[in-house]
Amino acid sequence: MRATVMYSAGDVRIENVPDPKIVEPSDAVIRVTRACVCGSDLWPYQKMERSDTGRLMGHEAIGVVEDVGADVRTIKRGDFVIMPFAFSDGTCAFCHDGLQTSCVHGGFFGTTDVAGAQAEAVRIPLADGTLFPVRANTDDALMASLLTLSDVMGTGHHAAVIARVTPGKSVAVVGDGAVGLCAVIAAKRLGAEQIIILGRHADRIALAKDFGATDVVSERGDAALERIRELTGGSGVQSVLECVGLEQAVNTAISIARPGGAVGRVGVPQEQTIPGSEPAFYNNVTVGGGPAPVRAYIEDLLPDVLEGKIEPGRVFDRTVALDDVPDGYRSMNDREAIKVMVTP
Ligand SMILES: [Zn+2]
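A brief structural summary. Computed from a predicted structure; not experimentally measured. (Residues numbered from 1 in each chain as written. Predicted model: local features only at pLDDT ≥ 70, side-chain atom pairs only at ≥ 80, totals over all residues. Heavy atoms only, no water.)

Some details on empty space enclosed by the protein
Unfilled space is identified by rolling a water-sized probe across the atoms. Enumeration according to the criterion identifies one cavity of 30 Å³ or more in this entry. Within this model, the largest cavity holds a volume of roughly 30 Å³. A breakdown of the residues in the lining of the largest cavity according to their chemical character gives six nonpolar, two polar and one charged. (1 Å grid on protein atoms, 1.4 Å probe; cavity = no way out; pocket = protein on both sides within 12 Å on 5 of 7 lines; lining within 4 Å. Points joined across faces, edges and corners; volume = space filled by probe spheres on them. Nonpolar A, V, L, I, M, F, W, Y, C, P; charged D, E, K, R; others polar.)

Now the structure itself:
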């Protein structure tokens, strides 16, 4: 089959690789009907050291089950499924707590150990715990939004949950990438009254407003802080959804939280330490977050997608065939595209 292989920063190729097959009896193999390029794929795209074997990329997909191992019970051939970006057994203490990204037998797709989903097919470890079968009738128009439940929409929702968004609250979303835009949807869905988006790309801001953003702050650093104080009666917001991961973004996120507020971090950190220790301490700001347990959130979010109440699939503004995935990476990296969908 054909798959996306990254060899080093900027070097993404489509190659023929062996077809995935059942290795463990708990495995499944799915034919990928839609995949996509993630903002977090851009970190290796910018930084990866050369590797002779390369890394099979991609951790977001929906597809159809082609084969299941002998021990797979709940997933059947022909099922249409959502593949969360992490695999998990569904049975350990962390899975029971709804934190499947910390599953004791789990791991992540598209790493050096486990092949990725920007491919014609992908092997799914621990299929019963990992895959979410969608047995409702699914119109083609819903596919883009269903795909976001494998990562970005669940990740934006996680930021909102960790930042304790509840009805009536004031919220700021740091970052206008696909996750930031989904975080706006999540904040609105959970009843936030004021949603301030921090971003500076006109097309993304327009989408954020469609999704429910009430205010836009395009300044950075101290100027952003000042603007947000103006917009919030001087004190900052109750909930901050940090969807970037760079030091300055995290710093801003912590500094714009009002005393007693919370920051939900879902941007993959690019530093070893969390900045903003002093303001976080003196303002009693809770800082939390991490890889979103999107598997746990699908149950919550799926009905709203199926009913058309939320349309996170609108974050995709470009669709490419597998052969054009390298250009998809380039266009996202150059900020030409918000998020690129792949139709293998
Ligand atoms: Zn587990």
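Side note on the sheet that holds strand β1 (residues 2–8)
Spatially, three strands are ordered β2-β1-β4 in an open sheet, and the strand pairing comes out antiparallel. The open sheet is flanked by β2 (11–16) and β4 (55–56), the only strands paired with a single partner. In this sheet, β4 lies alongside β1 in antiparallel orientation, the contact comprising two bridges. Paired with Met6 across the bridge in β4 is Arg55. Across the face of the sheet, helix α12 (residues 325–333) comes into contact with β1 and β2 while running at roughly 160 degrees to β2. (Pairing = 2+ DSSP bridges. Helix = DSSP H or I, 4+ residues; strand = E, 2+ residues; numbered from the N terminus. Contact = heavy atoms within 4.5 Å. Axes fitted to C-alpha atoms, helices over the stretch in contact; angles between N-to-C directions.)

Re the nonpolar core
The tendency in soluble globular proteins is for nonpolar side chains to be buried as a group. By size, the foremost hydrophobic cluster in this structure holds 50 residues, and its most contacted members are Leu149, Val173 and Leu241. When contributions to this core are tallied by element, the ones reaching two or more residues are β6 (80–83), α4 (143–148), α5 (152–162), β11 (170–174), α6 (178–189), β12 (194–198), α7 (202–211) and α11 (294–306). For this core, the leading source of residues is α6, giving nine residues. With residues near it in sequence (within four places) discarded, Leu241 still touches Gly156, Ala159, Ala160, Ala163, Val165, Val171, Ala172, Val173, Val174, Ala183, Ala187 and Gly264. By size, the runner-up hydrophobic cluster in this structure holds 35 residues, among which are Leu42, Leu126, Ala127 and Leu322. (Core = buried A, V, L, I, M, F, W, Y, C linked by side-chain atoms within 4.5 Å. Buried < 20%, exposed > 50% of the residue type's maximum accessible area, 1.4 Å probe, protein only.)

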